[in-house]
Amino acid sequence: MSTLTPLRGPARVVVRQHRITLRVAGLLALAGAVALIGFALWASHVIDSFEAGSCEASGLSGPACDQRIVDFSGSMSFFQRGLTYAGLVLTVLPGIVSAFVAGPLIARELESGTYRVAWTQSVTPTRWLVAKLAVPTVFLVAGVTVLSAVLAWAQTRTATDYTVDWFDAPLFGATAPVVIGYTLLGVAVGALTGLLVRRIVAAMAVAVVVTGAVMVALATLRSSLWPLRTTIGTTEGRLDIPIESWVVDLGLVTTDGDRLPTDVCWRNASEAQTARCMAERDITGWFVDHHPPSHLWPLQFVETGIVLVLAALAVAGAFRVLRRRTA
């Protein structure tokens, strides 16, 4: 009878190996959630106190309210920046995840050779990799889901004039489901990079660059992931678009439907020259290409779908590399 004891629960082994990292990450996530909740409750208290008074943020209440309005505006601007920074942290989290999976989780065992111990204890390479990926995936998905939900709730506590726009990159990237998709992409890219590079520092660097490149590329293409809505108005009238819309393009339109830059007739021109220019070019109004707030979820789901496809391809590539190395 063999004296080797089969390894019980490779996932449990992964947890024990990285228990300090998991504990620190969990405490940081908890601290972040508590801080966001406290921050939002403080902002709500500031808003309620201001609205309970006789001053108005519009500045029409008279000189006696000037300092109170300045203090209120400063507090709300501070809250807005806080939400933006919180969203930025969640947005860059997939890059950190990718580096951790590529380096300490995968490449370190390959570089040191400790993976052989697991493979000789009745654990197949495939099961070893599944355990390596399943543990961080479960913890990370749970963590980012909670933090994204807390951030979304905190945003609702902001005064109307000081909201963070839904299409701002930090907030959009921190909104579920896209933040979950990018987190899974970070895990997948980290696994593939770790197996290919097999050196801790190099694998971490490559994983961060690849994950970041995908995130930047999709953020650049984000406005084109769902059909834009176009609104056209006359030069004398106002453009009727929903409040909080994401304006992607704005310009002038002619009778034939040609589009021109907004300043084509306003470049160092007098009023008479401007009118003559508009008549000569047959300009009849303005156009606005925009995403209304209702496009938030279509954009989120389309981008998440793309990210999940890329993550699936990276995971498939990781298992293929593993099979080749163990053949």
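For the structure itself, consult the block above.
Residues numbered from 1 in each chain as written. Predicted model: local features only at pLDDT ≥ 70, side-chain atom pairs only at ≥ 80, totals over all residues. Heavy atoms only, no water.

**Observations concerning the overall build of the chain**
- A tally of regular secondary structure across the chain gives 10 helices and four strands.
- Along the chain, helices and strands appear, N-terminal first, in the series α-α-α-α-α-α-α-α-β-β-β-α-β-α.
- In terms of overall dimensions, the chain is more spread out than a globule: its C-alpha atoms have a radius of gyration of 27 Å, far above the 20 Å expected for 327 residues.
- Projected onto its principal axes, the C-alpha coordinates of the chain cover approximately 100 × 55 × 30 Å.
- Out of the 327 residues belonging to the chain, those deemed buried represent 40%.
- In the chain, the proportion of contacts linking residues at least 24 apart, taken out of those at least 6 apart, comes to 81%.
- Roughly 17,600 Å² of accessible area belongs to the chain as shown, and the carbon and sulfur atoms make up 63% of that amount.
- The chain carries 25 positive and 22 negative side-chain charges, and their two centres are separated by 29 Å. (Helix = DSSP H or I, 4+ residues; strand = E, 2+ residues; numbered from the N terminus. Rg over C-alpha atoms; globule rule 2.2 N^0.38 Å. Buried < 20%, exposed > 50% of the residue type's maximum accessible area, 1.4 Å probe, protein only. Contact = heavy atoms within 4.5 Å. Areas by Shrake-Rupley, 256 points an atom, 1.4 Å probe, with all protein chains shown as cover. Lys, Arg positive; Asp, Glu negative; His and termini not counted. Charge placed at Lys NZ, Arg CZ, Asp CG, Glu CD.)

**Here we look at the state of the cysteines**
- For the structure on display, the rule yields one disulfide.
- Through a disulfide, Cys265 is tied to Cys277; the S-S separation comes to 2.0 Å. When the S-S torsion is -70 degrees, as for the bridge of Cys265 with Cys277, the disulfide is left-handed. In this pair, Cys265 sits in the loop between β3 (259–260) and α9 (271–280) while Cys277 sits in helix α9, placing the two residues 12 residues apart along the sequence. (Disulfide = S-S within 2.5 Å.)

**Observations regarding α9**
- For α9, every residue scored as buried is listed here: Thr274, Cys277 and Met278. Down the axis of α9, the buried side of the element spans an arc of 95 degrees, and every buried residue falls inside it. With respect to the buried face of α9, the exposed residues turned more than 90 degrees away are Ala272, Ala279 and Glu280.
- Contacts made by the buried residues of α9 are with β4 (283–291). (Arc of directions from axis to C-beta.)

**Considerations on the nonpolar core**
- Within the largest apolar cluster, 27 residues are counted, with the highest numbers of intra-cluster contacts made by Leu36, Phe72, Met76, Phe79, Leu83, Leu90 and Leu151.
- Of all the elements in the fold, those that place two or more residues in this core are α2 (19–52), α3 (66–112), α5 (125–155) and α7 (178–197).
- Of all the elements, α2 adds the most residues to this core, at eight residues.
- Val97, Leu133, Ala191 and Val321 belong to the second-largest nonpolar core, a separate cluster that totals 21 residues. (Core = buried A, V, L, I, M, F, W, Y, C linked by side-chain atoms within 4.5 Å.)

**Let's talk about the packing of aromatic side chains**
- Summed over the entire model, instances satisfying the criterion amount to nine aromatic pairs.
- A ring pair is formed by Phe50 and Phe72, whose centres lie 4.1 Å apart and whose planes are at 10 degrees; its orientation type is stacked. Of this pair, Phe50 sits in helix α2 while Phe72 is found in helix α3, placing the two residues 22 residues apart along the sequence.
- Measuring from ring centre to ring centre gives 5.5 Å for Trp166 and Phe167, while their planes differ by 85 degrees; the resulting arrangement is edge-to-face.
- Here Trp166 falls in the buried class, since its relative accessible area comes to 9%.
- On the accessibility criterion, Phe167 (19% relative accessible area) is buried.
- Members of the aromatic cluster, each reached through a chain of ring pairs, are Phe39, Trp42, Phe78 and Phe79.
- Lying across the ring of Phe287, Arg259 places its NZ or CZ 4.0 Å from the centre. (Phe/Tyr/Trp six-rings, centres within 6.5 Å; stacked < 30°, edge-to-face > 60°. Lys NZ or Arg CZ within 6 Å of the ring centre and 35° of its normal.)

**Thoughts on the pattern of salt bridges**
- Applying the stated criterion across every chain, the model contains three salt bridges.
- For Glu303, the salt bridge goes to Arg222, with nearest N and O atoms at 2.8 Å. Here the residue Glu303 occupies a position in helix α10 (residues 296–326), and Arg222 occupies one in the loop between α8 (200–221) and β1 (229–234), the gap between them amounting to 81 residues.
- Residue class for Glu303 comes out buried when judged on its relative accessible area of 0%.
- A salt bridge links Arg259 to Asp289; its shortest N-O distance comes to 2.5 Å. Of the two residues, Arg259 sits in strand β3 while Asp289 sits in strand β4, which places them 30 residues apart along the sequence.
- For Asp289, a relative accessible area of 7% gives the class buried. (Salt bridge = Lys/Arg side-chain N within 4 Å of Asp/Glu carboxyl O.)

**With respect to the layout of surface pockets**
- Estimated volume of the largest pocket: approximately 930 Å³.
- Where the lining of the largest pocket is concerned, the elements lending two or more residues are α2, α3 and α5.
- Sort the elements by how many residues they give to the lining of the largest pocket and α2 lands first, with 13 residues.
- Of the residues assigned to the lining of the largest pocket, the class counts are 25 nonpolar, five polar and no charged.
- Each pocket or cavity is described by its volume, and for the second largest pocket that value is around 190 Å³.
- Lining the second largest pocket, in full, are Ser148, Leu151, Ala152, Gln155, Trp166, Leu171, Phe172, Ala174, Thr175, Ala176, Leu296 and Trp297. (1 Å grid on protein atoms, 1.4 Å probe; cavity = no way out; pocket = protein on both sides within 12 Å on 5 of 7 lines; lining within 4 Å. Points joined across faces, edges and corners; volume = space filled by probe spheres on them. Nonpolar A, V, L, I, M, F, W, Y, C, P; charged D, E, K, R; others polar.)

**Concerning empty space enclosed by the protein**
- Scanning the entire structure with this criterion turns up one cavity of 30 Å³ or more.
- As a volume, the largest cavity reaches approximately 30 Å³.
- Of all elements in the fold, only α3 and α5 reach the threshold of two or more residues within the lining of the largest cavity.
- Residue classes in the lining of the largest cavity are distributed as six nonpolar, one polar and no charged.

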